[in-house]
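Next come the chains, spelled out residue by residue.
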Amino acid sequence: MSDAPRMVAHGGNLHEAAQRFGIPWETWIDLSTGINPHGYPVPPVPASAWRRLPEDGDGFAACAARYYGAPDAQHVLPVAGSQAAIRALPALLPPARVAIAPLTYGEYAPAFAQAGHTAVPFDIDAALLPADVTHAVVVNPNNPTATLVGRDTLLRWHAQLAARGGTLIVDEAFADAFAPARAASLANDVDRAGLVVLRSPGKFFGLAGARCGFALAQPALLAGLRARLGAWTVSGPARHAVTHAFEDTGWQTAMRAQLAAEGARLAALLKAHGFTPHATPLYSWIADARAAQWQEALAARAVWTRRFDTPASLRFGLPASEDEWQRFEIALAQAAKELGR
């Protein structure tokens, strides 16, 4: 039996969809990721960012600490996307039973299993942790169901786990899009033992290709994570792009307002077609027994969505332009007619 980590299916696999349905890649509307289609306008990258090795003394961690509201730079570790931390963190924790929602970001369960942990399903909507777990993972807001757990509940869960010598990992990859951005975040609380917060500028800022993320925790745990990940985890060009994005508060404020409006528009459109959407500013999720048929019908019209099997459901990201909105509305209406909605 191989110990190699299994590959997890993700959205954004547009080339696969184009090949499968025989529709040219450039004609698709990709709603499968939940990444902001209006990405941050990164200024030109200086030549030094390409030529020099990234340096820890460049103030990048301090910039992230200010943006996220972490205690200081010592509590922030830049990583090659939060995915890198997700794969490495479980090996730093004593093997135990870990609570993970059955439908959440799919990389956590295999990462913990590979490190010798036992995943225990729990219902994040119930606001109760299983009594026999030592660690827990909470994606907040949850991807894909959009459930948002409040700070008081998260801190209560952390206290319960810390009393057992355990750890709470809170993945806040989609938290930036909310206004105020820090309302439900635990970034300011990561000086507490047994608490890890993961952040990703890829979603809100539309910088997923930069492969940059941050682990926020006590310095001792971050030192262990740094040792596992090695040097130069975030490239110079990525540091340049993310630093400018973090410091541009005007763009952030305007974009949060824009995404709030577009997220509401998406939810209203789905509701008009008989769905019950669960929404964030960046995506909506619907549970429907015919999710597979809906995905196929929309894909036949060059609209790609993210499908989940248990429960049968779809996640829709935001169209990138008014033209895409109009095309999506037409495709949705045509699919509804085809499926007898």
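Above this text is the structure in question.
Residues numbered from 1 in each chain as written. Predicted model: local features only at pLDDT ≥ 70, side-chain atom pairs only at ≥ 80, totals over all residues. Heavy atoms only, no water.

Draft legend 1. Here's a closer look at the sheet that holds strand E3 (residues 97-100). Read across the sheet, seven strands follow the order E2-E8-E7-E6-E5-E3-E4 without closing on themselves; strand pairing throughout is mixed. Strand pairing shows two members of the sheet lacking a second neighbour, strand E2 (76-79) and strand E4 (118-121), which therefore form its edges. Across the sheet, the axes of successive neighbouring strands diverge by a mean angle of 20°, strand direction being ignored. One ladder, built from three bridges, connects strand E7 (residues 195-199) with strand E8 (residues 213-216); its direction is antiparallel. The residue of E8 that forms the bridge with Val197 is Leu216. Packing against the sheet, helix H3 (residues 60-68) makes contact with E2, E7 and E8, and its axis sits at approximately 110° to E2. (Pairing = 2+ DSSP bridges. Helix = DSSP H or I, 4+ residues; strand = E, 2+ residues; numbered from the N terminus. Axes fitted to C-alpha atoms, helices over the stretch in contact; angles between N-to-C directions. Contact = heavy atoms within 4.5 Å.)

Draft legend 2. Structural detail: the sheet that holds strand E10 (residues 283-287). An order of E9-E10-E13-E12 is seen for the four strands of this open sheet, with the pairing classed as antiparallel. Of all the strands in the sheet, the pair left with one neighbour each is strand E9 (278-279) and strand E12 (306-308). Inspection of the sheet shows E9 paired to E10 by two bridges, in the antiparallel sense. In the sheet register, Ala279 faces E10, and the bridge partner there is Ser284.

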